[in-house]
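Structural characterization, general
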Amino acid sequence: MNVLSHVRPGDEMAATRIYCEALIQKLRPFFGTADAAAEFLAPHLRHDRGVSAVIDGRLVGIAGYRLDGQGLFEPKWRHFRERFSLMGTAIRVAGLALLDKEEDEDVLSMDGIAVGQGARGAGVGSALLAEIVAMARRAGKRAVRLDVVDTNPRAKALYLRCGFVEEGRRRLDLLRPVFGFASVTTMRHHLTDAAGSA
Ligand SMILES: CC(C)(COP(=O)(O)OP(=O)(O)OC[C@H]1O[C@@H](n2cnc3c(N)ncnc32)[C@H](O)[C@@H]1OP(=O)(O)O)[C@@H](O)C(=O)NCCC(=O)NCCS
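Residues numbered from 1 in each chain as written. Predicted model: local features only at pLDDT ≥ 70, side-chain atom pairs only at ≥ 80, totals over all residues. Heavy atoms only, no water.

By the naming in an unreviewed UniProt entry, the chain is GNAT family N-acetyltransferase, taken from Stappia indica.

Listed below in structure tokens is the structure:
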């Protein structure tokens with residue numbers, strides 16, 4: 001397996017498909033299906049906001065991050081407007097912003113991690129997390145932050161194993177029926193304490 005600190009040109013659709021299929025729970029309210037989400041988002045993938053895992057030349061996993069105000073996908077208002085009504089655009093832009101994390105200069109925020117179904121359970125996700133942590137360290141950050149939904153205990157177990165600790169919980173309250181999960185746990189990997197070093 002090769003873990004790259006970027007997404008290769010040409011891998012946009014493969015990366016976006018894996019991402020949308022894995023994270024459909026968050027994306028369904030905005031796009032309906034993983035295919036529709038991937039078709040909309042792929043042209044707006046930023047190659048320098050994701051690390052990727054490649055096996056035998058084929059992309060099998062992707063992990064996004066936010067840096068300097070830019071995340072893994074950066075569609076603009078006008079791109080939504082080309083596809084959706086004014087109201088549809090407003091709902092999607094506002095709703096997706098709700099899922100965004102606040103930025104903190106010292107902290108690298110993750111923007112989703114996804115491994116293709118056939119490649120799961122073989123260490124790809126752990127390798128992507130290690131690359132994100134290494135990148136944060138190179139960038140002089142103090143920590144890596146991510147959100148995990150309360151319906152994903154296995155992902156949470158993976159993060160704990162990789163050195164992340166629980167930091168807090170955000171309830172979605174009224175939005176629960178929209179997303180299908182009630183709360184999001186924020187986890188943090190501290191880069192300065194020796195025990196948390198990768
Ligand atoms: C979570 C995910 C990125 C882990 O990638 P991975 O390559 O399977 O991870 P690794 O092989 O390094 O580690 C395996 C561990 O990942 C966790 N895991 C979470 N979901 C898993 C799944 N569907 N299949 C296999 N492992 C999964 C488990 O803790 C597993 O260990 P276990 O078998 O002891 O329970 C991947 O399973 C995935 O894309 N899941 C769907 C999307 C998702 O949940 N993303 C995280 C949102 S917060």
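**Some remarks on the site of the ligand**
Gly-121, Gly-123, Gly-125, Ser-126 and Asn-152 are the nearest of the 20 residues found near the ligand. Ser-126 places a polar side-chain atom, nitrogen or oxygen, 2.5 Å from an oxygen atom of the ligand. With respect to the ligand, the side chain of Arg-161 contributes an N or O atom lying 3.1 Å from an oxygen atom. Mapping the ligand onto the cavity grids shows that it belongs to the largest pocket. In terms of residue count, helix H7 (residues 153–161) provides more of the shell around the ligand than any other element does, five residues in total. Split into classes, the residues belonging to the shell around the ligand amount to eleven nonpolar, five polar and four charged. (Near = heavy atom within 4 Å. Polar contact = N/O pair within 3.5 Å; in protein donor to acceptor, adjacent residues only side chain to side chain. 1 Å grid on protein atoms, 1.4 Å probe; cavity = no way out; pocket = protein on both sides within 12 Å on 5 of 7 lines; lining within 4 Å. Sits in = over half its atoms within 2 Å of the grid points. Helix = DSSP H or I, 4+ residues; strand = E, 2+ residues; numbered from the N terminus. Nonpolar A, V, L, I, M, F, W, Y, C, P; charged D, E, K, R; others polar.)

**Remarks on helix H6 (residues 124–138)**
Helical periodicity: at 3.6 residues per turn, an α-helix aligns residues three or four positions apart in one direction. Over its 15 residues, H6 extends 21 Å from the first C-alpha to the last, a length consistent with the 21 Å expected when each residue adds 1.5 Å. Those residues of H6 not exposed but buried are Val-124, Gly-125, Leu-128, Leu-129, Glu-131, Ile-132, Val-133, Met-135 and Ala-136. Taken from the residues just after H6, Gly-140 is the one with a positive phi, measuring 75 degrees. (Expected span 1.5 Å × (residues − 1). Buried < 20%, exposed > 50% of the residue type's maximum accessible area, 1.4 Å probe, protein only.)

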